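Residues per chain are reported as follows:
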Amino acid sequence: MNPPTINPILIALDVPSASQALAIADSLRGAVGGYKIGSQLFTAEGPSMVRALAERGDRVFLDLKFHDIPNTVAGAIESASHLGAWMMNVHASGGAAMMTAAAEAADRAAAQGRPRPLVIAVTVLTSMTADVLSSVGVSRSPFDQVVHLALMAKGAGMDGVVASPLETAAIREACGPDFLIVTPGIRGGSAEQSGGRQDQARTMAPGDAMRAGASYLVVGRPITGATDPRAAAEAIAAEIRRR
Ligand code: C5P
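Residues numbered from 1 in each chain as written. Predicted model: local features only at pLDDT ≥ 70, side-chain atom pairs only at ≥ 80, totals over all residues. Heavy atoms only, no water.

Trainee: Help me understand the sheet that holds strand E2 (residues 34–37) in this model?
Mentor: Spatially, E1-E2-E3-E4-E5-E6-E7-E8 is the arrangement adopted by the eight strands of the closed barrel, whose pairing is parallel. Averaged over all adjacent pairs, the angle separating strand axes in this sheet is 25°, with direction ignored. Looking at chain direction, strand E1 (residues 9–12) and strand E8 (residues 216–219) are connected through three bridges and run parallel. Following the sheet pairing, Ile11 is matched in E8 by Val219. Each of strand E3 (60–66), strand E4 (87–91) and strand E5 (118–122) touches helix H4 (residues 70–83); the most contacted strand, E4, lies at about 165° to it. Packed onto the sheet, helix H8 (residues 165–175) meets strand E6 (160–162) and strand E7 (180–183) and runs at close to 175° relative to E7. (Pairing = 2+ DSSP bridges. Helix = DSSP H or I, 4+ residues; strand = E, 2+ residues; numbered from the N terminus. Axes fitted to C-alpha atoms, helices over the stretch in contact; angles between N-to-C directions. Contact = heavy atoms within 4.5 Å.)

This is the structure we're talking about:
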């Protein structure tokens, strides 16, 4: 596969305030590829948080996992594009028409003279077990459902998917070299820290996840919780380069 030309480390800004998020971003700028704003920070601080980082020249992955009727999701993608988000996501289980509407909204944003934002899909949340999937009417195993939804996402025009490290190789094989795979659950190797795996169950070291086919790694606490976050980010970047 073609590795991305930018630093593949995306930092999860899982903090409740803009001041904390900006302090982390300021301390890591230049050592990482971008920042992920999820529902905790976005709900607390709103669109200004995205604008603040985008105005500093940072890549922002807006992780709000849109899941609604196609027209509504398309509107949300357009709004996120106008904020300056670089990457955003939707739930693949919203269906092919919803994903196509999202991809077309990204195209429209690009037609207005902005860089085309990347739109990726969440397949199966890693918190969902076979029993949980079955309870919502899905009889496939979580693994098969992930690959099924990744292929559907590709067919619907998504730029890639979010995937656990253990699913990455299968998705890379099914979806080809140009499909983006954004992988959280990074632990071990140079991402080891005193807190261990914390609540992450299905983990992989940074170099191994990249070798398995990841395009970007979402890393939170192994960097943000380290005594020296910048040194931790540089160690992970060095491990990735050594792969
Ligand atoms: O701190 P940590 O490295 O565990 O942060 C991982 C980030 O990736 C968090 O923002 C988490 O919500 C997100 N994520 C995840 N597993 C998924 C999808 C997203 O850990 N399957």
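Trainee: Please clarify how the site of the ligand should be interpreted in this entry.
Mentor: Neighbouring the ligand are the residues Ala12, Asp14, Lys36, Thr126, Pro184, Arg187, Gln200, Val218, Val219, Gly220, Arg221 and Pro222. A distance of 2.7 Å separates an oxygen atom of the ligand from a polar side-chain atom of Asp14. One nitrogen or oxygen atom from the main chain of Arg221 is found 2.7 Å from an oxygen atom belonging to the ligand. Isolated, the ligand exposes 460 Å² of accessible area, and the fraction of that covered by the protein chains is 82%. When atom positions are compared with the pocket grids, the ligand is found to occupy the largest pocket. Among the secondary structure elements, those contributing two or more residues to the shell around the ligand are E8 and helix H10 (221–224). Looking at side-chain class alone, the shell around the ligand contains five nonpolar, three polar and four charged residues. (Near = heavy atom within 4 Å. Polar contact = N/O pair within 3.5 Å; in protein donor to acceptor, adjacent residues only side chain to side chain. Areas by Shrake-Rupley, 256 points an atom, 1.4 Å probe, with all protein chains shown as cover. 1 Å grid on protein atoms, 1.4 Å probe; cavity = no way out; pocket = protein on both sides within 12 Å on 5 of 7 lines; lining within 4 Å. Sits in = over half its atoms within 2 Å of the grid points. Nonpolar A, V, L, I, M, F, W, Y, C, P; charged D, E, K, R; others polar.)

Trainee: So what exactly am I meant to see when it comes to the packing of aromatic side chains here?
Mentor: The tally for this structure, following the rule as stated, stands at one aromatic pair. Consider the rings of Trp86 and Tyr216, whose centres lie 5.4 Å apart with planes at 85°: the pair is edge-to-face. Here Tyr216 lies in strand E8 and Trp86 lies in the loop between H4 and E4, a separation of 130 residues in the sequence. Judged by relative accessible area, Trp86 falls into the buried class, the value being 17%. (Phe/Tyr/Trp six-rings, centres within 6.5 Å; stacked < 30°, edge-to-face > 60°. Buried < 20%, exposed > 50% of the residue type's maximum accessible area, 1.4 Å probe, protein only.)

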